[in-house]
Every structure is written in C-alpha cells, then in structure tokens.
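Architecture at a glance
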Amino acid sequence: MKKKFSFSIIPLFLAVILTGCNSAADNIEQQIDEFYNKMSQPERIAQLRSMYMDDLFDEQGQLDTAKCRELIPNGIGHFSQFCLQQPRNPNELRNRAAAIQDWLMHHTPNGIPALLHEEVLSGVNTLGATIYPQQIGQACSFNTELAELKTRQTSTLMRKLGGVLALSPMVDVCRTPSFNRLEESYGEDGYLSAAMGVAFVKGLQQGDLRKGVGACSKHYLGYGGGGDADEKELMEEILFPHEAMIRLAGSKVVMPGYHEVHGTQCVANSEILQDILRDYVGFDGMVVSDYTAIDQLPGLATVAQKAAAAINAGNDVDFPHGANYMYLQEAIDQGLVAPEVLERAVKNVLRQKFRAGLFDKDAYLYSTEPIVLDTPEERQTAYDIATQSVVLLENNGVLPLSSVNVLLTGPNANSIWAMCGDYSYPAMSYFWKRVEDVAEHDQPHVVKLLEGMTRRKPEGVNLMYSRGCDWTEEIETDFKKNGDVRAWEYEILHRKVDSGEKADRQEALAMAAQADVIIAAVGENVMLCGENRDRQGLRLPGSQEQFVEELIATGKPVVLVMFGGRAQVVSGLAERCAAVIQAWYPGEEGGNAVADILYGKVSPSAKLSVSYPNTEVYEPLCYNNPSPLAVHPSLKAAGSILATPNTQWPFGYGLSYTTFYYSNLQIAKEASTSDESINLSFEVENTGKVAADEIAQIYISSTKDDQPIRHIQLQGFARIPLQPGERKTVRVKLYVEQFGYYSNTGQRQWNIAPGTYTVKVGASSADIKLSENVTLKGTPVSKPLREFYFSESMVELSDGTSVNKK
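Residues numbered from 1 in each chain as written. Predicted model: local features only at pLDDT ≥ 70, side-chain atom pairs only at ≥ 80, totals over all residues. Heavy atoms only, no water.

**Side note on the overall build of the protein chain**
As a reminder of what qualifies: Runs of E in the DSSP output that reach at least two residues are strands. Runs of H or I that reach at least four are helices, and both are numbered from the N terminus. Three exposure classes are used, based on accessible area relative to the maximum for each residue type with a 1.4 Å probe and protein chains only: buried under 20%, partly exposed in between, and exposed over 50%. Whether two residues are in contact is decided by their heavy atoms: any pair within 4.5 Å suffices. Working definition of accessibility: Shrake-Rupley area with a 1.4 Å probe, residue cover restricted to the visible protein chains. Positive charges come from Lys and Arg, negative ones from Asp and Glu, while His and the chain ends are left out of the count. Charge coordinates come from a single atom per side chain, which is NZ of Lys, CZ of Arg, CG of Asp or CD of Glu.
Along the backbone of the protein chain there are 21 helices and 34 strands. Over its C-alpha atoms, taken along the principal directions, the protein chain stretches across nearly 75 × 70 × 55 Å. For the protein chain, buried positions account for 65% of its 806 residues. In the protein chain, the share of contacts with a sequence separation of at least 24, taken over all contacts with a separation of at least 6, comes to 79%. Total accessible area on the protein chain is roughly 27400 Å²; 48% of this is exposed by carbon and sulfur atoms. Positive and negative side-chain charges of the protein chain, numbering 73 and 100 respectively, have mean locations separated by a distance of 2 Å.

This is the structure we're talking about:
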C-alpha cells in the first residue's frame, strides 16, 4: 500500500535537522564547503534540478511519501511555479509547501530545503492574488516608489505561501515595437528600465533575503531586440538594468534568454555568463535556465552534451524539470564536465539557500497564520499604479466627459482580457493550462471597463453599452516555434477567445446615433499578444479598425481606448478620433482607473515608455537612436530634437487635463571630470485649473558629432504633484559619471571625457522645455565600472520641505 503523508502546520524550526547552522553568525562559505564535501554525487546533481510540486501529491491532496522516495530520494534543489499548477486557496497551497519542505528536511540525506519559485511580474501568480498592472504600463508612471511598494506587498504574500524565489522581473530593453513580450518589459530605455528594475528588486527582497523573496534578472542579455546590438550599446544600455539590479539592489539570480548573442544561445554562452556577468559586473549569484532553454541547444547529439554545454558556460540550474542535468553524471563520466564545474554550480545553489535563510535555526519557510489574498491595501496599490499607467495621447477637449449620453462599445469594453496581461494568473491558466472558463472564477475580482464606468459615473451621465465587434473574426494567433518549447503545440496556439457575449455591430451603430460621445475600447487579448503568441501586423486586430471607422462616420466624437501589451498602429485613425488613450493591461483595478480618468476624477499623468510607431515596424525603434533624417541640420547645432521617423508619439510623451510651465533652470556652467556630481534646479508650475502630476525628464545630449555619447539620453526624472496655480522647485544631483561612456580597447572601462554637454529638462524626449550647456574640464577619467547609476531628484513642497525622488 501507498503511504500517505498527513501534515499539520507547526513551526518547522522546532524540528529542523540542521540545528547547528546559523548563517547570521557563522561563515557561510565555510558551511557551504562543509555541506558540499559531505554530499553524495546524486545529492549534488539533485540541487541543480527542479520539478513540479504537484507530482508528489495524490488526488486527495496528501503528500505521497512513496513518490517522494521514488522521485527525490536525494532531495531536490527547486520546485517550479509552485503557485500556478492548480487553482487552490492560499492556505492549502501553503500547507503543501510546508509538507514538502518538512519531508525534505527529515527524509533526505542532508535535509536540504528546496527553493520554491513563482512568477510575480504583476503579483503572485496564483488564484485570488492581486493582479497589478503590466510592467509596460507601470513604466509609464515613472514612479519607482509605487513599483517598490507593489513588490513589497507581493513579497510579503509569497513568503507566507512558502515561496523564496521569484522568476522576475523582466528588464529586457525592448526596442522592437512588434516584440510579442514587450508588455513584460519596462520599454525601450535602459535608464528607465534600470530604475524600475532596481525598485522592483528592493521591494521584493526587502533588504534581507531571509524575510524577502529573491529576485531574478531576466532575460539576460538582450532578449527582445538588443542581443545583436554593437558592444557599446550592449554594455551601456542593454546591460544597464541587469548591472544596476545586481550592483545596487543585490539581485542574486540571473536567467539567460532563449536567444543568441554573437551566434551562441545565451544559456550556453560563456561570453555573457562568465566574461561579462561574473568577471566584469562581479555577479556572485546563481544562474538558472529559462524553461526548456537547454533542450533547445542546437547541433548537439545527446542530452548529456546539452547539459555539458550549459553548465560549462556558467548556467547552474536546469528549469523546469532538470531534464538535461539529470544526465550530468554521464557527462562527467565522459569527461565533458570537470568536477570543479559541478562544484561551482552546486555551491551557487547552496549559497542562495543560505542567503534566503533556509538553514537558519529560526528559518522563515512559511506563515502559520491564515492567509488573506487581495487585501484593501493591495487593491489600492493596484488602483494607484493603474491611474498612473494610462497614457492620454490625444484630446481635442472631449475629455474629461461631461453630462452626456455615452456609448461604450468594443471588444475590450466588458472583458477581463483588457485588464490582465501575460504572466498574470488568468492569462497563464488560460494559455498554458487551457482553463477556458478562468474569467468566470472572479478571484480576484477584476473590474472591467463597463463596470467601472457604470459604478463611478457622475450624475447626469447616461451610459449605454453594446459590444459591437469581436477581437477577431478568425484565429489570428501566429504559430511560431520560439520561446518555451511547451507551447510548440498547434492546439495551444490555435484558439480564439470566447467573450461570452454577442457582438452586434448594427445594434452598436444604432446606439451611436443616440450618443453624444462614443468610447471605443479596442485592442489585444490573451491570445493575440504574449510569450509564443503573435499575430500578423500591428494595426488593430480583426475588423476593429473598420468598426471604429464606422463609429467615426456617425459624426459623433470617438474616444479610442486601446488595451494590450504593445503599441498598436493607429495612424490615419487616431487623427480623426476626438481623443486617444493607451491603457495597456491595467490590472484588476483597471476598469475603475480608466473610468476615473475618462470622467475627470483623476487627471492622466503617464508618459510613454516606448516610441509609439506610426507604421508597422519590425526592427529597433528608439528615441535616442534616430536616423540622420530625424534631426534637421538647422536644429541639430542648437540641440533641438525632432521625433524619430516612424514615430507617432515620442518616448516620454503624455497629455494631462491641465498645463504646465517650466522655468528657471539653474546649473553650474563648469565642472571637473573628477567631480562627483553637478547640482541643478528648475521650477514647474501648474498653469491650468486641474490638480495633476507632471513627470519632468532630465536628458543629457552631446554637442558634437564626435562625442562618444548618445545625442540624447534620459538621465533622470521627477514626478511632481501640483495643485492649480502651484509652483514647485525640483532639485537634482546629476552625477558626473552620467556624462560617461563605455569603451573596450583591450580592457572594459567607464570613461568621462572633458567637453561641453547639454543638460535638458523636458516634458518628453521631443519636447524640451529648458536646456543649458555644461563644460567638463580636466583630464579624462577611466574606471572599471560605474559607481553612480542614477541621478537623485528632490521636489520641494509648498511648506519648504522636500521629498526625495529617483
């Protein structure tokens, strides 16, 4: 008979086998050495593998100890996506995590706990947990404080559940507008991506991996269009977020991407994993493969050869199953892997476990208290981020809405798929698990736009609704073999989302005739954008564009509200709409947030984190790298910048319901290359009648073509809340290293060259309000790495006090 394991919640530290370990007091490296030396070879290899926790439980939810003895007699290093596998309440999930940790610590040779990991891009990826806005939208907030608060809340919950490692954030600098995973990124700019990524890590890790959750920097290096950049761009901008997260925030886990850099797959690329990551950046953590990435290594005849290629290059762990690393002993026996390579990988895993406090006498492995999901505080954070993520692109005065008859229509008007991006629990369940009715679970409650507009409408507004059209009439998901091999199935990709309601175009057009204003909620859904999901073209899917044309033809003002994971080309259409909004995937409170912006309860404040294309672009597009035609010769000398070609709205752009006036830029005209910093200040005044936030952006520009820096590069920002008529002073410490550049003439280094540069303050990358030249004097300065990555800004409040911003 099969033995079943019954578990009741007790503090594990009361029965921890490893009572002699106290990583706070003892030397961790010595303990790692001692651990490694007493481990058998199968135990060591087990630490480099992972599996799904559900494989060890029976149908009644009890731990099957017979399976444990069969499958993990020597322990296991990791458990993959432990929250996602099935819809479970949090206390049951925690009980499973506790049961398996208890078994590992009491029934394996050295009692080593596992690292339980999950995706937390927009919150913990489990049924009922808060769904925050997708990262591409959050980047538009330029609010690192909210980014840190979000992940602190996420981390607190995940640690209660038993999780100690997150496979997040994605900090790929994504410059190709068509990239199907752009939604997971912070956009096209290295500085903004780094600032948001550092905030993500700080909140998630909480300054102490013993109580926080370890972050994983991915997809290293150059996924989403940066992998083929030249060395200077790669090291200055594409590497920037990873480097800053590692060196400033203490991120200790890195995941290589599926792609190639210089002709070699990242997971088996020693140039990026050893030469750049460890030798140059100084990373001393654990490298984990993306799911099935090692399986996809080309040109190798056996699994043992694939395992050898990955581990020899610097990849420590094989996710999600360890399907390749289970043959590591065979690779060692064949002389493909040296003993010291295995030792390095195993010790990197053990080190992460020590850092997480898993060997401490009072190890915090999970909470013993009842766990509550989606608290009011978490929902408030989701709402705050959403209101600051929605970008107003055009407005002829129709917004905010007044007392009118309003028609809400479009495929995204009444759907959770307008709110939930990829790597949220609903999206992962629908796509990977094929749970077609996941939208009906309502855990957590996702506020759709129709609900938000209905519940929050001001007195005098009459709201009508008809769906009008579907996302697509035919299946548009493009089948491609890229990313996770588990999705290389025709049946997974060849699906069309069922909205659950009819789309009656004639009904919607009849209602439009009665309306004063039309809100057209359009865009993508879970099957039209995301990992392994793409579609033909970047204009609105299906017949949505034709439907909007018909709405415009009624003569009524149309407000175009676009949802989705990337910019959707609307040139030729947007110009004839009364207003245009990019809402991205705004999370569970998205319906309320967008409604409050439409009604004027909140003024939009977000600024684009990407250059918004006016044509279908399938190559890198970035504000700091325009073609020569982008800058008119008569303007270049003066430092003025026009939008890059193929751009409808530039990076950093976004409208408000008020107006702002910038003035009084003060900055020293000279400094030395050896100085630490330069101080500058400027004023921003709200000259309109609505309270709102303005995002002021600081850029540095070259003044000569032969200067080895970008013609314009974001180097700081400040979010400034202003009442009508209020003026505030922004003070910025700009580090001299920010005028620098990377070079490699046999040795990698960061350089600061004497010369004249332009410091600019703008409302966007193309709307520069203030500028002054600064001359750096002295001799050139070179150092191995930057010490200062970000400027520091401080907004002076009306009472004379200050608030620090980064």
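Let's pick the thread back up.
**Side note on the nonpolar core**
One broad trend across soluble globular proteins is that nonpolar side chains are buried collectively. Formally: To define a nonpolar core, start from buried Ala, Val, Leu, Ile, Met, Phe, Trp, Tyr and Cys residues and group those joined through side-chain atoms within 4.5 Å.
Leu48, Leu328, Leu393, Val548, Leu560 and Trp649 are the most contacted members of the largest nonpolar core, which has 91 residues in total. No other element matches helix 13 (residues 339-355), which puts seven residues into this core. If you look at the next biggest cluster of nonpolar residues, it comprises 59 residues, including Met51, Ala194, Ile695 and Phe717.

**Describing helix 7 (residues 190-205)**
Inclusion rule: Here, expected helix span is obtained from the residue count minus one, scaled by 1.5 Å. Whenever a nitrogen or oxygen atom comes within 3.5 Å of another N or O atom, the pair is scored as a polar contact, on the condition that within protein one atom can donate a hydrogen and the other can accept it, and that pairs from neighbouring residues in sequence are kept only if both atoms are in side chains.
Relative to the 22 Å expected for 16 residues at 1.5 Å per residue, helix 7 spans 22 Å between its end C-alpha atoms, a close match to the ideal helical length. With 15 of 16 residues buried, helix 7 is to be regarded as a mostly interior element. N-capping of helix 7 is provided by aspartate 189, with a side-chain oxygen placed 3.0 Å from the backbone N of tyrosine 191.

**Describing the side chain of aspartate 470**
Mapped onto the elements of the fold, aspartate 470 is located in the loop between strand 14 (462-466) and strand 15 (477-478). At 2.9 Å, the side chain of aspartate 470 forms a polar contact with the side chain of lysine 496. Beyond its immediate stretch of four places on either side in the chain, aspartate 470 contacts Pro411, Lys496, Ala503 and Gln544.

**Some words on the sheet that holds strand 12 (residues 391-395)**
In plain terms, the rule: A pair of strands is treated as paired once DSSP finds two or more bridges between them. Axis definition: a line fitted to C-alpha atoms, limited for helices to the stretch in contact. Angles are taken between N-to-C directions and run from 0 to 180 degrees.
The six strands are arranged 12-19-18-16-13-14 in an open sheet whose pairing can be described as mixed. Two strands lie at the open edges of the sheet, namely strand 12 and strand 14, each paired on one side alone. The mean inter-strand angle of the sheet, taken between neighbouring strand axes irrespective of direction, is 20 degrees. Where strand 16 (residues 517-523) lies against strand 18 (residues 558-563), six bridges are found, and the strand directions are parallel. Across the sheet, the residue bridging to isoleucine 519 is valine 559, located in strand 18. Relative to strand 14, helix 18 (residues 505-514) is tilted by about 160 degrees, and along the sheet it contacts strand 13 (405-409), strand 14 and strand 16. Each of strand 13, strand 16 and strand 18 touches helix 19 (residues 544-553); the most contacted strand, strand 16, lies at about 175 degrees to it.

**Points about unusual backbone geometry**
Proline 320 follows phenylalanine 319 through a cis peptide bond whose omega is 0 degrees. Looking at the element boundaries, proline 320 is found in the loop between helix 11 (303-313) and helix 12 (328-333). Of the consecutive residues glutamine 443 and proline 444, the connecting peptide bond is found in the cis state with omega at 0 degrees. Counting through the fold element by element, proline 444 comes out in the loop between helix 15 (425-431) and helix 16 (449-455). The backbone of aspartate 442 shows a phi angle near 55 degrees, a positive value even though the residue is not glycine.

**So, helix 1 (residues 28-38)**
Condition: An arc is given here, and it is the one of the directions from the helix axis to the C-beta atoms.
Along helix 1, the positions that sit buried rather than exposed are Gln31, Ile32, Phe35 and Tyr36. Taken down its axis, helix 1 places every buried residue within 135 degrees of arc, on the same side. On its buried face, helix 1 is in contact with helix 2 (41-46) and helix 13. Taking the backbone nitrogen of glutamate 29 as reference, a side-chain oxygen 3.0 Å away marks asparagine 27 as the first, capping residue of helix 1.

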